[in-house]
Amino acid sequence: GALADQAMEALVRLGLGSLSLEQLIAAGREAGATGGKLSGAGAGGAFFLVAGSAESAQKIADRLLAKAREAQIRFVVEPKVLEAGAPPTERSTRG
């Protein structure tokens, strides 16, 4: 989580942030995420958050959906919980 936060801070310093995604990352941190970062090809549409457990991750995803509704931010793909350690073909998704 901390490394994702450090990388995110560097992106913001370089002017590569996205206000709406930064708001969602902040909401995720308030809900218990240990870190988060923008991701993708720079179009401002992807990010990830790190959580300590699947239960915490689900709580964070629920909070993100609520925050997005409040801020009128539309998700193209709703937040998903991916559990580390499972083979990619068997990874659990909830959301």
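Residues numbered from 1 in each chain as written. Predicted model: local features only at pLDDT ≥ 70, side-chain atom pairs only at ≥ 80, totals over all residues. Heavy atoms only, no water.

Observations concerning the overall build of the protein chain
Across its full length, the protein chain carries three helices and four strands. Scanning the protein chain from its N terminus toward the C terminus, one meets helices and strands in the order α-α-β-β-α-β-β. Expressed as a percentage of the 95 residues in the protein chain, the buried residues total 28%. The contacts in the protein chain between residues at least 6 apart in sequence include a share of 46% that link residues at least 24 apart. Accessible surface, the protein chain as shown: approximately 6,100 Å² in total, 53% of it carbon and sulfur. (Helix = DSSP H or I, 4+ residues; strand = E, 2+ residues; numbered from the N terminus. Buried < 20%, exposed > 50% of the residue type's maximum accessible area, 1.4 Å probe, protein only. Contact = heavy atoms within 4.5 Å. Areas by Shrake-Rupley, 256 points an atom, 1.4 Å probe, with all protein chains shown as cover.)

Points about the confidence of the model for the protein chain
Caution applies to low-pLDDT regions: their predicted coordinates should not be interpreted in detail. When pLDDT is averaged across the protein chain, the result is 81; 83% of the residues are at 70 or more. Here strand β4 (residues 93-94) stands out as the element of the protein chain with the lowest mean pLDDT, 49, in contrast to helix α3 (residues 54-71), whose mean of 91 is the highest. Of the regions scoring below 50 in pLDDT, residues 90-95 engages in 18 contacts with residues more than four places distant in sequence or in other chains. (pLDDT = per-residue confidence, 0-100.)

Section: the environment of Arg29
Here Arg29 is to be found in helix α2 (residues 19-30). C-alpha of Arg29 to C-alpha of Ile60: the two residues are 31 residues apart in sequence and 8.1 Å apart in space.

Notes on the pattern of salt bridges
Between side chains of opposite charge, pairing is possible as soon as their charged atoms come close. Tallied over the entire structure, the rule returns two salt bridges. Between Glu70 and Arg63 there is a salt bridge, with the nearest N and O atoms lying 3.5 Å from each other. The exposure class of Glu70 is exposed, given its relative accessible area of 55%. (Salt bridge = Lys/Arg side-chain N within 4 Å of Asp/Glu carboxyl O.)

Here's the deal with helix α1 (residues 2-13)
The terminal C-alpha atoms of α1 lie 17 Å apart, and with twelve residues this matches the ideal 16 Å at 1.5 Å per residue to within 8%. Residues of α1 that are buried: Ala4, Asp5, Met8 and Leu11. Projected down its long axis, α1 shows its buried positions confined to an angular sector of 120°, all on one face. α1 presents Ala2, Leu3 and Arg13 as exposed residues on the side facing more than 90 degrees away from its buried surface. For α1, the elements touching its buried residues are α2, β1 (35-39) and β2 (46-50). Of the residues trailing α1, Gly15 is marked for its positive phi of about 80°. (Expected span 1.5 Å × (residues − 1). Arc of directions from axis to C-beta.)

A short note on the layout of surface pockets
Taken as a whole, the largest pocket encloses approximately 700 Å³ of empty space. Here the lining of the largest pocket is composed, by residue class, of 21 nonpolar, four polar and four charged. (1 Å grid on protein atoms, 1.4 Å probe; cavity = no way out; pocket = protein on both sides within 12 Å on 5 of 7 lines; lining within 4 Å. Points joined across faces, edges and corners; volume = space filled by probe spheres on them. Nonpolar A, V, L, I, M, F, W, Y, C, P; charged D, E, K, R; others polar.)

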